[in-house]
Amino acid sequence: MTHRILLLPGDGIGPEIVAEAQRVLEALDERYGLGCEVETAAIGGAGYDAAGEPLPEATLRQAREADAVLLGAVGGPRYDELPWALRPERGLLAIRSALGLFGNLRPAILYPQLAGASALREEVVAGLDLLIVRELTGGIYFGEPRGVRTLDNGERQGYNTLAYSDSEIERVARLAFEAARQRQGRVCSVDKANVLESSGLWREGVERVAGEYPDVELSHLYVDNAAMQLVRAPRQFDVVVTGNLFGDILSDCAAQLTGSIGMLPSASLDEAGKGLYEPVHGSAPDIAGRDQANPLAAILSAAMMLRYSLGRGDLADRVEAAVGDVLEAGLRTPDLQGGSRRVGTREMGAAVAARL
Ligand code: IPM
Ligand code: MG
């Protein structure tokens, strides 16, 4: 069986880190007969350069035909002056929406070797293993109406809409409860139900779905408190489920607990489990092309792809173990503190591939 994988390297450090993930996939192919056929297409600023738009039609077509998509990162100062609709970030939002990738899984796991690199004390974060399930195709990111209008007094006003429907809430809640069943059996839903109507409905929807999962424990937190709890006592969380904007913010916060955002993978899934996989970090234009970026988040994203879209949890385990091994051996890219040997992007990728 051959898996069709589409690589979307994107901008900044995207191409360098995706190349290392590809190296790992090739090693799996050689050693364990993974069987994959890899294609590459342009997205973000690279899409704009190649075809005049951040999500070229050909790229979307290839993404629809692929079994899974692995994306690097989008964005960069070169594109900051472009009109809104042509900005690299629009390409990312458009592909999430066009492929119906409503469920974004963002695990935050602290590798024991990096406990000293966290912004929090070791005794607060040791053993951290939480999963943020972020709704990805709704909420204020996509709500209509949106825009900039001119008020009667001549002043301009920017506005957006935070809307969630019953079905949007229920399907992402279900994903969170299913994930909790494979973990510690606890879901914490995060909202702002003391202020927002959309959050009131969110809470009701999550409660309804909880009725189907009597074996999973459900709690609720307001987002401000959740942010505080994440840095106060992060190990209280198992699965956190939340809307698009709150999930965007909380997942960066959770990322930092693990020592570096350069370590965090993510999966964005549609209703059939097809997915787009990408590191949580951005395009880091300041270090692009200098062999300094940490490829581990991209490599761990490839591991999530093996597990969720390609049915190869066994190979995902191998990749994750190899990442643990290189950290244990003391290899560190510049974003990671500690260790005994500074390495670049390529050496880190090669070290993981060698340990598979
Ligand atoms: C993320 C990013 C994106 C988002 C940006 C680049 C549009 O921050 O994936 O978290 O806000 O979703
Ligand atoms: Mg973000």
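Above this note sits the structure.
Residues numbered from 1 in each chain as written. Chains lettered and ligands numbered in written order. Predicted model: local features only at pLDDT ≥ 70, side-chain atom pairs only at ≥ 80, totals over all residues. Heavy atoms only, no water.

The interhelical angle for the contact between helix 10 (residues 296–308) and helix 11 (residues 313–328), taken along N-to-C directions, is 160°, at an axis separation of 7 Å. With respect to helix 11, the element helix 10 is oriented roughly antiparallel. The hand of the helix 10/helix 11 crossing is left-handed. From helix 10, Leu-296, Ile-299, Leu-300, Ala-303, Leu-306 and Arg-307 reach across to helix 11, where they touch Gly-313, Leu-315, Ala-316, Asp-317, Val-319, Glu-320, Val-323 and Leu-327. Looking at the contact of helix 10 with helix 11, its residues break down into 10 nonpolar, one polar and three charged. (Axes fitted to C-alpha atoms, helices over the stretch in contact; angles between N-to-C directions. Helix = DSSP H or I, 4+ residues; strand = E, 2+ residues; numbered from the N terminus. Parallel < 35°, antiparallel > 145°, perpendicular 65-115°, else oblique. Left-handed = near helix turned anticlockwise from the far one by under 90°. Contact = heavy atoms within 4.5 Å. Nonpolar A, V, L, I, M, F, W, Y, C, P; charged D, E, K, R; others polar.)

In this section: the sheet that holds strand 10 (residues 239–242). If you trace the 10 strands from one edge of the open sheet to the other, you get 2-1-3-12-11-4-5-10-8-9, paired in mixed fashion. Edge positions in the sheet fall to strand 2 (36–40) and strand 9 (217–222), since each of these pairs with one other strand and no more. With direction set aside, neighbouring strand axes in the sheet form an average angle of 20°. Where strand 8 (residues 186–191) meets strand 10, four bridges bridge the pair, whose relative direction is parallel. Bridged to Val-187 within strand 10 is Val-239. Sheet strands in contact with helix 3 (residues 57–65) are strand 1 (3–10), strand 2 and strand 3 (68–73), and its direction is about 145° off that of strand 1. Contacting strand 4 (103–109), strand 5 (129–135), strand 8, strand 9 and strand 10, helix 6 (residues 166–181) runs over the sheet at an angle of about 165° to strand 5. (Pairing = 2+ DSSP bridges.)

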